[in-house]
Amino acid sequence: MKIKVVNRGHQPLPAYATAQSAGMDLRANISEPVVLRPMERKLIPTGLFIALPPGYEAQVRPRSGLALKRGITVLNAPGTIDADYRGEVGVLLINLSAEDFVVNDGERIAQMVIARHENGEFIEVEALDETERGAGGYGHTGVR
């Protein structure tokens, strides 16, 4: 699939690291380092503007290495970029560690996954069909 992109930044375009990769790394496109203090959140620009085909979204997800090693994650994970959005792709990072984290220009801060989706239409009814699970919610199956 071809995705139109305008790169107003100075970083390379996102690309898959391997043939089997699901996500492409997004890089910080900033003029000076950004400090994220513990429990602080900031929107980090990428310089990228994309146009997805109808029926697709781009999901912005955390990078596992940053999450594990530094406690840095994407706050609204996964963040959704809709097919009709034309603004800059930003990454909402939060620092869940006890130490300051410095975001440097060009740093890989998140990954983007392109995903197909369906649009649903709600139809109001008086009752739903019965299932074996029923209304069992969080933790309803217990610990095994």
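Here's what I pulled together on the structure shown here. (Residues numbered from 1 in each chain as written. Predicted model: local features only at pLDDT ≥ 70, side-chain atom pairs only at ≥ 80, totals over all residues. Heavy atoms only, no water.)

Next up on the list: the sheet that holds strand β4 (residues 41–51). The sheet built from 4 strands is open, its strands ordered β1-β4-β8-β6 with antiparallel pairing. With partners counted over all chains shown, the strands left at the sheet margins are β1 (4–7) and β6 (72–74), one partner each. Pairs of neighbouring strands in the sheet enclose a mean axial angle of 40°, with direction left out of account. Across 4 bridges, the pairing between β1 and β4 is antiparallel. Looking at the pairing, K4 lines up with A51 of β4. (Pairing = 2+ DSSP bridges. Helix = DSSP H or I, 4+ residues; strand = E, 2+ residues; numbered from the N terminus. Axes fitted to C-alpha atoms, helices over the stretch in contact; angles between N-to-C directions.)

The next point concerns the sheet that holds strand β7 (residues 79–81). Read from one edge to the other, the open sheet built from 4 strands follows the order β2-β10-β5-β7, with strand pairing classed as antiparallel. Where the open sheet ends on each side, the last strands, each with one partner, are β2 (24–27) and β7. Strand-to-strand, the axes of this sheet are offset by a mean angle of 35°, without reference to chain direction. Where strand β5 (residues 56–61) lies against strand β10 (residues 108–116), 6 bridges are found, and the strand directions are antiparallel. Following the sheet pairing, Q59 is matched in β10 by V113.

What follows concerns the pattern of salt bridges. Counting across every chain of the model gives 4 salt bridges. Where R63 meets D25, a salt bridge forms, and the shortest distance between an N and an O atom there is 3.3 Å. Pair noted here: R63 is in the loop between β5 and α1 (64–70) and D25 is in strand β2, with a separation of 38 residues, a long-range link. Relative accessible area serves as the criterion here: at 17%, R63 is assigned to the buried category. Taking relative accessible area as the criterion, D25 reaches 22% and is therefore assigned partly exposed. (Salt bridge = Lys/Arg side-chain N within 4 Å of Asp/Glu carboxyl O. Buried < 20%, exposed > 50% of the residue type's maximum accessible area, 1.4 Å probe, protein only.)

For the rest of this paragraph, the subject is unusual backbone geometry. Following A77, the chain continues into P78 via a peptide bond in cis, with omega recorded as -10°. One can find P78 in the loop between β6 and β7. Positive phi, close to 65°, is recorded for M39, a residue that is not glycine. The topology assignment puts M39 in the loop between β3 (34–36) and β4. Judged by relative accessible area, which is 53%, M39 ranks as exposed.

We now examine the environment of L128. Residue placement: L128 occurs in the segment after β10. By relative accessible area, L128 is classed as exposed at 69%. Through-space distance from the C-alpha of L128 to that of I114 is 33 Å; in sequence the pair is 14 residues apart.

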